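# Results of the structural survey
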Amino acid sequence: IFPTKMGWMWCCSQRAEEKGKCELVVHYLYQYGNNPINDYLRQDGFESLLLKDQVSAWENVISKGVTVSVIPTGKSFVLKYSYANVVSHEFGATNVGFGLSYALPIIVALLSAQKDDLIIIENPETHLHPAGQSEIAKLIAYAAQIGVQVIVETHSDHVINALRIAIKKQISSISKNDAHIIHIGRNPQNSLPYIWQIK
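Below is a summary of the structure that appears in this document. (Residues numbered from 1 in each chain as written. Predicted model: local features only at pLDDT ≥ 70, side-chain atom pairs only at ≥ 80, totals over all residues. Heavy atoms only, no water.)

### A look at the packing of aromatic side chains
The description of an aromatic ring pair rests on the distance of the ring centres and on the angle between the ring planes. Summed over the entire model, instances satisfying the criterion amount to five aromatic pairs. On the numbers, 6.3 Å between centres and 65° between planes, the contact of Tyr83 with Phe91 is edge-to-face. According to the relative accessible area criterion, Phe91 is partly exposed, its value standing at 25%. (Phe/Tyr/Trp six-rings, centres within 6.5 Å; stacked < 30°, edge-to-face > 60°. Buried < 20%, exposed > 50% of the residue type's maximum accessible area, 1.4 Å probe, protein only.)

### Some thoughts on the environment of Lys80
Within the secondary structure, Lys80 sits in strand E4 (residues 76–83). Given a relative accessible area of 22%, Lys80 falls into the partly exposed group. Sequence separation of Lys80 and Thr67 is 13 residues, and the distance between their C-alpha atoms is 8.3 Å. Not counting the four nearest positions on each side in its chain, Lys80 is found in contact with Thr67, Val68, Ser69, Ile71, Glu90, Phe91 and Gly92. (Helix = DSSP H or I, 4+ residues; strand = E, 2+ residues; numbered from the N terminus. Contact = heavy atoms within 4.5 Å.)

### So, helix H4 (residues 130–145)
In a regular helix each residue adds 1.5 Å, so 16 residues correspond to 22 Å; H4 covers 23 Å between its end C-alpha atoms and thus fits that length. The buried fraction of H4 is high, at twelve of 16 residues. Of all the positions in H4, only Gly132, Gln133, Glu135, Ile136, Ala137, Lys138, Leu139, Ile140, Ala141, Tyr142, Ala143 and Gln145 are classed as buried. Against the buried residues of H4 lie helix H2 (51–62), helix H3 (98–112), strand E6 (118–122), strand E7 (149–153) and helix H5 (157–168). One or two steps after H4, the chain reaches Gly147, where phi turns positive at roughly 100°. (Expected span 1.5 Å × (residues − 1).)

### So, the side chain of Asp117
Looking at the element boundaries, Asp117 is found in the loop between H3 and E6. According to the relative accessible area criterion, Asp117 is buried, its value standing at 7%.

### Notes on the sheet that holds E4
Spatially, E3-E4-E5 is the arrangement adopted by the three strands of the open sheet, whose pairing is antiparallel. Each edge of the sheet is formed by a strand with only one pairing partner; in this case those strands are strand E3 (66–73) and strand E5 (90–91). For E3 and E4, the ladder comprises eight bridges, and the chain directions are antiparallel. Bridge assignment links Val70 to a residue of E4, and that residue is Leu79. Where H2 meets the sheet, it contacts E3 and E4, and its direction lies at approximately 135° from that of E3. Here H3 sits on the sheet in contact with E3 and E4, set at roughly 125° to E4. (Pairing = 2+ DSSP bridges. Axes fitted to C-alpha atoms, helices over the stretch in contact; angles between N-to-C directions.)

### Topic: the pairing of strand E8 (residues 181–186)
Note: E8 against strand E9 (residues 193–198), six bridges, orientation antiparallel. Bridge pairing in E9 places Ile181 opposite Ile198. In textbook terms, the turn of a hairpin is the stretch between consecutive antiparallel strands, and for E8 and E9 this stretch comprises six residues, one of which, Ser191, has a positive phi near 60°.

### Quick word on the environment of Ile37
As for its position among the elements, Ile37 is in the loop between helix H1 (23–32) and H2. Look at Ile37 and you get buried, because its relative accessible area is 9%. It is 9.8 Å that separates the C-alpha atoms of Ile37 and Leu110, two residues lying 73 residues apart in sequence. Filtering out sequence-adjacent residues up to four positions away, Ile37 remains in contact with Arg42, Leu49, Leu51, Gln54 and Leu111.

Written as structure tokens, this is what we have:
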């Protein structure tokens, strides 16, 4: 669940019977797709600040040439993907790489976030190649830059390294004091959990 100033956004269901439809995120995108996002969250090279265009721009990092669209169908909405190099074909979420659908609610939540929002993300790296993982981490850094608190649970060194690079190269204005990497493990001698902040 992602809290935003416009309400709560539910993440995409991972259950097989849902087939990656992501109805609530898709509905949110349909409802607020023409709203402008914060300029700091804009993907490099894409001028439009509309939420729907920036979602496509960030999904482009995951799968080159992709455009995301939402089609209303009576009482629900259908998510479609099209590619610049494939003429007149639209694909459903089940016919493209699952990384696109998995990353969609993360991208929408981050792009919709405003100062003082809190976003909790579990495994943003799932189903993404390393470059895509790094770009999602960059978007997380951009969101933190505008005052969004982001808590990320990850197993990906690409996500952690991309955040470190964003801080070191000042890709975003967050400092090393604003970002904390915390390792949670279990003590092998007594099986009690421990928390270790990595510096």
